[in-house]
Amino acid sequence: MAQQEELFRKIISHSKEYGFVFPSSEIYDGLGAVYDYGQNGAELKNNIKRYWWDSMTLLNENVAGIDSAIFMHPTVWKASGHVDAFNDPLIDNKDSKKRYRADVLIEEHLAKYDSKTEKEIEKAAKRFGDSFDEQKFCETNPRVIENQAKRQALHTRFAKALNGNDLEELRQIIIDEEIVCPVSGTRNWTEVRQFNLMFSTEIGSTSDGAMKIYLRPETAQGIFVNFLNVQKSGRMKIPFGIAQTGKAFRNEIVARQFIFRMREFEQMEMQFFVRPGEELKWFEHWKQTRMRWHKALGLGDKKYRFHDHDKLAHYANAATDIEFEMPFGFKEIEGIHSRTDFDLSSHEKYSGKKIQYFDPEQNQSYTPYVIETSIGLDRMFLSILAGSYTEETLEGGDVRTVLKIPPALAPVKIAILPLVKKDGLPEKAREIMDRLKFNCHCQYDEKDSIGKRYRRQDAIGTPYCITIDHDTLTDSAVTIRFRDTMSQERVTVSALEEIIADKLSMKNLLKQIKNQ
Ligand code: ATP
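Residues numbered from 1 in each chain as written. Predicted model: local features only at pLDDT ≥ 70, side-chain atom pairs only at ≥ 80, totals over all residues. Heavy atoms only, no water.

Caption draft 1: Up close: the overall build of the chain. Within the chain, the regular secondary structure consists of 18 helices and 23 strands. In summary, the chain has a C-alpha radius of gyration of 26 Å against a globular reference of 24 Å for 516 residues, a match within 12%. Per-residue burial for the chain yields a buried fraction of 49% across its 516 residues. Within the chain, contacts between residues separated by at least 24 positions form 66% of all contacts whose residues are at least 6 apart in sequence. Carbon together with sulfur atoms contributes 49% to the accessible area of the chain, which is approximately 25400 Å² in total. The chain carries 74 positive and 78 negative side-chain charges, and their two centres are separated by 1 Å. (Helix = DSSP H or I, 4+ residues; strand = E, 2+ residues; numbered from the N terminus. Rg over C-alpha atoms; globule rule 2.2 N^0.38 Å. Buried < 20%, exposed > 50% of the residue type's maximum accessible area, 1.4 Å probe, protein only. Contact = heavy atoms within 4.5 Å. Areas by Shrake-Rupley, 256 points an atom, 1.4 Å probe, with all protein chains shown as cover. Lys, Arg positive; Asp, Glu negative; His and termini not counted. Charge placed at Lys NZ, Arg CZ, Asp CG, Glu CD.)

Caption draft 2: Structural view of the nonpolar core. In terms of nonpolar packing, the biggest core is built from 60 residues, with I48, Y51, F381, I384 and L409 touching the most fellow members. Broken down by element, the residue count for this core peaks at 7 residues, all from helix α13 (residues 377-388). Looking at which domains feed residues into this core, each of domain 1 (2-86 + 197-386) and domain 3 (394-515) supplies at least three. Look past the residues within four positions of Y51 in its chain and what remains in contact with it is W293, A296, L297, L409, M506, L509, L510 and I513. With 21 residues, the next largest nonpolar core counts Y464, I466, V478 and V491 among its residues. (Core = buried A, V, L, I, M, F, W, Y, C linked by side-chain atoms within 4.5 Å. Domains from an automatic or database assignment.)

Caption draft 3: Just the side chain of H294, in detail. Among the secondary structure elements, H294 is positioned in helix α11 (residues 279-295). Looking at H294, its side chain comes within polar contact range of the side chain of E334, at 2.8 Å. Excluding residues within four positions of it along the chain, H294 makes contact with Y304, I322, I333, E334, I375 and M380. (Polar contact = N/O pair within 3.5 Å; in protein donor to acceptor, adjacent residues only side chain to side chain.)

Interpretation note: all reported values are geometric properties and have no functional meaning in isolation.
Spelled out as structure tokens, the structure:
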């Protein structure tokens, strides 16, 4: 655990040192849970966004992309339920004065039961070696059985309290389970209260009657209110989807864990409109499709898992999360929800406008049902950083820190490095750069020894370094060095483009989704 915390600390400082993520307004000591993306972070973020956008809009001819405004009519948030119900149950520890989400405290406590079981399994697997039968062990070992029974009972109690919005019961669970504040170590808790997460501001000047509006807490509502606009102008036929990326804002109570939980963040959401009754089939389809999208990145299939929701929103009839193994445990990076016709029906009611679809095949009108895929761009970014950060001890004892970012997403794709700063090598290097820069993001670097330059590129995840030496002037060949293996190959300049284009292309990454 301590090792994982240490790793997470390293990732955070690495992100800052190498221009990925900076605390917002740092010269004024920062602003809680708000971050800026630096020169490499912005490139990586844009590449992730493009991977998502292309996978939605290029690979699905029935998914259209839009870009709706952050400000929306305030009634949107009444209709969506956010004004009345976008709350988190919060609890304070009276000794440390720290505030927590009651549900998160209990979820983390549940995870402790799981890790206890996992430890028992690990121990037994070591003891029994090849003959170990995990299923049989779990069904017969008294400690595992008892632990799992306790977990199950707690889980049932927790789900009931959450679904019934029973704040007293949530507090009672925290007391009964003897959950302590991680800071003070005490159990001196306040009551549990509800806290609305939306930020509000005013539009117009106060003299002419300002209107209170909200910063959108999700991008999805911009899609729902444009359902008819897109359907009609695009002559879309059900089933079809609308995708968009954009900023969302939540006044999060517990703002820890770096860019995992921010107050200003970015979402990539797609609402897929289907015939009523067909939603569970499409829910399954998108669940699998989205998991393939994640796994295609090659960070390791075991790092992902589904987690079905304990608490279904009142309008949802199925919901699951895709979780990634962060240094602080498996955490949600994407939610997939079957939202029934709740949003469209609600907007129809509040706006007084008919929001229905005429299905020519069925010769009738209906309110479509919706499957939503909703992923946080920043959490996705963090999963890539965490999944690619590697420290390798080299021969001779040196440690190399390398970000093994999927090449198509890497902020800088190719580093162009003249061996020395003279003898016409910089000019030759520039000539090669001028040729390659139309294909992808290249970086020219002539400062310091070649070894130091390689390390700098490793640290930002550059998949290829190209070295120009004296021979290049006569044989038109360069040395290409591969980030992950550090192996080197001598190739002609004319062959370069072909060698790297394959690995760097977004097109090939998109093709991987189908192969998962
Ligand atoms: P959580 O339970 O962690 O608060 P959520 O279930 O409320 O998340 P959704 O409303 O389903 O999240 O939002 C969809 C996605 O948006 C999440 O899977 C996550 O990736 C991202 N997201 C939500 N809140 C934040 C945040 N405060 N900072 C960064 N990303 C976020």
